[in-house]
Amino acid sequence: MNQEVIIVRGNNTLAGDVAVSGAKNSALKLMAAAILGQGTTVLHNVPLISDIEIMSEVLERLGATVVREGHTLRIDTANVNSFETPYELVSKMRASISVLGPLIGRFGQAHVAMPGGCQIGARKIDMHLVGLEALGVEFEVDHGVLQATTPHGMHGAHVYLEFPSVGATENMLMAAVTAEGHTAIENAACEPEIEDLANMLNAMGAKVSGAGTSLIEIEGVPLSSLHPCEHTTVGDRIEAGTFLVGGALTGGPLTVRGIDPAFLRMAIMKLRAMGCDVETGDDWVRVSRTEPLSSVDIQTLPHPGFPTDLQAQFMLLAALADDVSVITENVFENRFMFAAELMRMGADVTLDDHHAIVRGVDQLEGAPVSSTDLRAGAALVLAGIVADGETQVHHLEHIDRGYEDYVGKLASLGADIRRVPAADAAR
């Protein structure tokens, strides 16, 4: 694949309407859940991003057929006959670990290569294993492959997660739907994507209640009573938040459509605290700003706290705000790699363990920068829109993992932006 770069000329313009795609972090898990349907599940509002392509490959390796028609996927898992996922795919994307739960739910066993993905945190999968072990799953690691078996079947259990891990909650949920008896997951993750997954599982014949709260309860049903379904993925709150930050940077007004504002309560609160005007409707959020940006303190926390996936974007806002902001990263230990790239553009950021002290500057300057992870890449492109001169953003494979047609959407909002082969950019 020819390496490409995004070239942005700072024109400080982002205004208008933009439709958000389906949520990456939901669609990937819905695709995994289709394994339990044992037939053709139809998923709507699935984003056109590279992570979805990798998950499609994972399912195809297991024996499924995956057909895309625009933003709709038809996933036929009737002939899934393997419970082994290959390392070369799992190593590309840690979300591949989410097939663990549904494979156990369907076959009572799974062989899953240990996950890879962005380098933003160790992401121990211990919590996945502890929760599943409570259901009767036994694990061995053999040459980097996690081997799960259920020699005595699966049974319901009361599990208290030491941290509200999204992945652990999802894997337990997808395994427990076929476990005999009652399962309770306490201190469960509360993200909207969990609720979306539970809604799909219930449409498939599962009995899940409490999703979206810290206590999820599951009444196990026989695998034979689960069936395929048709489901529409919720809007991507992180993509929506990214565009809202863009509108806050330039003043907007910018409207994102296709998102439930309740998914973004904390981000909206922080935008208002920074001097933005924010209006909301049933499925849209509009941001505008006429006053200078104010400093803000932010701590990332599991939902409904401030999302770690919007931390880089808000660090960019803080970099151009009056006075000093403090950003505390409580979820991923390596997420501040972004700060070094932003500093190349003139930001004043001091890192102290898991705190970033951000002193606002008057102007950023265009520079060559690299995406260090998915959200950092998206934020650097926004930085280029408000920076003086030209910015080149490299390593676009990170952005492509989670943003559909990012350049096209930003251009439609007035940005001076294009995507070109790296060789052309060097001329």
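These numbers were taken from a predicted model, which means no experiment stands behind them. (Residues numbered from 1 in each chain as written. Predicted model: local features only at pLDDT ≥ 70, side-chain atom pairs only at ≥ 80, totals over all residues. Heavy atoms only, no water.)

### As for unusual backbone geometry
Here the residue pair Gly 252 and Pro 253 is connected by a cis peptide bond, since its omega of -5° sits within 30 degrees of zero. Residue placement: Pro 253 occurs in the loop between α8 (237-250) and β15 (254-257). A positive phi angle is found at Asn 12, which is not glycine, with a value near 55°. Within the secondary structure, Asn 12 sits in the loop between β1 (4-9) and β2 (16-19). Residue Asn 12 is classed as partly exposed on the basis of its relative accessible area, which comes to 42%. (Helix = DSSP H or I, 4+ residues; strand = E, 2+ residues; numbered from the N terminus. Buried < 20%, exposed > 50% of the residue type's maximum accessible area, 1.4 Å probe, protein only.)

### Topic: the confidence of the model for the protein chain
When pLDDT is averaged along the protein chain, the result is 93, and 97% of the positions lie at 70 or above. Counting contacts from residues 117-122, a segment whose pLDDT is below 50, to residues more than four positions away or on other chains yields 21 contacts. (pLDDT = per-residue confidence, 0-100. Contact = heavy atoms within 4.5 Å.)

### What to know about a negative patch on the surface
On the surface, Glu 133, Glu 138, Glu 140 and Asp 142 cluster together into a patch of negative charge. In terms of residues, the negative patch owes the most to one element, strand β8 (residues 138-142), which gives three residues. Under the relative-accessibility criterion, Asp 142 is labelled partly exposed at 36%. (Patch = residues over 30% accessible without salt bridge, like charges linked within 9 Å, V, L, I, M, F, W, Y side chains within 5 Å. Areas by Shrake-Rupley, 256 points an atom, 1.4 Å probe, with all protein chains shown as cover. Salt bridge = Lys/Arg side-chain N within 4 Å of Asp/Glu carboxyl O. Lys, Arg positive; Asp, Glu negative; His and termini not counted. Charge placed at Lys NZ, Arg CZ, Asp CG, Glu CD.)

### Section: the pairing of strand β4 (residues 65-69)
Pairing of β4 with strand β5 (residues 72-76), which is carried by five bridges, proceeds in the antiparallel orientation. For Arg 68, the partnering residue across the bridge sits in β5 and is Leu 73. Taking the residues between adjacent antiparallel strands as the criterion, β4 and β5 are bridged by two residues, where Gly 70 takes a positive phi near 65°. (Pairing = 2+ DSSP bridges.)

### Looking at helix α7 (residues 192-203)
Within an α-helix, residues lying three or four positions from one another point in the same direction, as the helix has 3.6 residues per turn. The end-to-end C-alpha distance of α7 is 17 Å, a good match for the 16 Å that 12 residues give at a rise of 1.5 Å each. Listed as buried for α7 are Pro 192, Glu 193, Ile 194, Asp 196, Leu 197, Ala 198, Met 200 and Leu 201. Gly 205, located one to two residues past α7, shows a positive phi value of around 110°. (Expected span 1.5 Å × (residues − 1).)

### Re the nonpolar core
Of all hydrophobic cores here, the largest spans 75 residues; its most connected members are Val 256, Phe 314, Met 315 and Leu 410. In terms of residues, this core owes the most to one element, helix α12 (residues 374-386), which gives 10 residues. For Met 315, the contacting residues outside a window of four places in its chain are Ile 327, Phe 336, Phe 338, Ala 339, Leu 342, Val 349, Ala 356 and Val 358. Among the nonpolar cores identified, the runner-up in size contains 71 residues, and Leu 28, Leu 129, Leu 197 and Cys 229 belong to it. (Core = buried A, V, L, I, M, F, W, Y, C linked by side-chain atoms within 4.5 Å.)

### Let's talk about the sheet that holds β15
Pairing within the open sheet is mixed, and its four strands lie in the order β2-β15-β17-β16. At either end of the open sheet lies a strand with only one pairing partner, and these are β2 and β16 (277-280). The mean angle between the axes of side-by-side strands here comes to 20°, regardless of whether they run parallel or antiparallel. Two elements, β2 and β15, share four bridges in a ladder whose sense is parallel. Bridge assignment links Gly 16 to a residue of β15, and that residue is Leu 254. The strands that α8 touches are β2, β15 and β17 (284-288); relative to β15, the one it contacts most, it runs at about 170°. (Axes fitted to C-alpha atoms, helices over the stretch in contact; angles between N-to-C directions.)

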